[in-house]
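Topology and contacts: notes
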Amino acid sequence: KVFIFIFFFFQAEDGIRDLVRSRGLGDVYKRQERLRSVRIENIDARELLVKFNKRPATLVYLDPPYYVKRSYGYTFDENNPEFHQALLKICQASSCMIMISGYENDLYNDLLRPECGWVCSRIDTSTRSHTGKDFARTEVTWCNAALVEARATGRLPVELSATERKQKKVNPER
């Protein structure tokens, strides 16, 4: 039996920090059965990555506060370079599988380069402002080499030793 451990980090939009079933996190409640084996953490992403960055069968999906200038601010926002640099530094050193989503920006493109094993994909989409106006956007995902390889081979990037199998380990530190 193969297990994959998935963790999510994202910043909730203003107004959906409480249970609102019609948008945002509300959809999570409709999919409880599918998410039964998924662990969702409500901690700082940097802290989470430090806990799991040496576990190669872990997939961490990060949807951090987007590092862009905003015309409409958020009540709470980590839109400063120090936060993002620290987060990306931990991602670069991690052996777990990582996918990060955001908008195009120089900081992420400079630190998550193809020659460092990161693959960048772009998705055309739209977003709606607080006034109801729609805006065209391009979402970007950055995937690290461990995730790219796992997707290409269909195998998790961990080989268990005979001792680990005997001890029924599924995602030991590496």
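Residues numbered from 1 in each chain as written. Predicted model: local features only at pLDDT ≥ 70, side-chain atom pairs only at ≥ 80, totals over all residues. Heavy atoms only, no water.

Re the packing of aromatic side chains
Scanning all chains against the criterion turns up one aromatic pair. Aromatic side chains Tyr-108 and Trp-142 sit 5.1 Å apart centroid to centroid with 45 degrees between the ring planes, which places their arrangement in the tilted category. Residue Tyr-108 is found in helix H4 (residues 106-111), and its partner Trp-142 is found in strand S5 (residues 134-143); the two are separated by 34 residues along the sequence. On the basis of relative accessible area, Trp-142 is assigned to the buried category, the value being 0%. (Phe/Tyr/Trp six-rings, centres within 6.5 Å; stacked < 30°, edge-to-face > 60°. Helix = DSSP H or I, 4+ residues; strand = E, 2+ residues; numbered from the N terminus. Buried < 20%, exposed > 50% of the residue type's maximum accessible area, 1.4 Å probe, protein only.)

Quick notes on helix H3 (residues 81-93)
End to end, H3 covers 18 Å across 13 residues, agreeing with the expected 18 Å (1.5 Å per residue, within 8%). The complete set of buried residues in H3 reads Phe-83, His-84, Leu-87, Leu-88, Ile-90 and Cys-91. With its buried residues spanning 155 degrees around the axis, H3 presents them on a single face. Turned more than 90 degrees off the buried face of H3, the exposed positions are Glu-82, Lys-89 and Ala-93. (Expected span 1.5 Å × (residues − 1). Arc of directions from axis to C-beta.)

With respect to the nonpolar core
Leu-49, Leu-62, Ile-98, Ile-100 and Tyr-108 are the most contacted members of the largest nonpolar core, which has 20 residues in total. Elements supplying a minimum of two residues to this core: helix H2 (45-52), strand S2 (58-63), H3, strand S3 (97-103), H4 and S5. Here the element with the most residues in this core is H3; it accounts for five residues. Among residues more than four places away in sequence, those in contact with Tyr-108 are Pro-64, Tyr-67, His-84, Leu-87, Leu-88, Ile-100 and Trp-142. Counting residues in hydrophobic clusters, the runner-up holds nine residues, among them Ala-57, Leu-59, Cys-143 and Leu-156. (Core = buried A, V, L, I, M, F, W, Y, C linked by side-chain atoms within 4.5 Å. Contact = heavy atoms within 4.5 Å.)

Description of the pairing of S3
A large share of S3 lies buried, amounting to six of its seven residues. Strand direction decides the pairing type here: S2 and S3, joined by four bridges, are parallel. Bridged to Leu-59 within S3 is Met-97. The sheet contact formed by S3 and S5 spans five bridges and is antiparallel. Paired with Tyr-103 across the two strands is Glu-139, which belongs to S5. (Pairing = 2+ DSSP bridges.)

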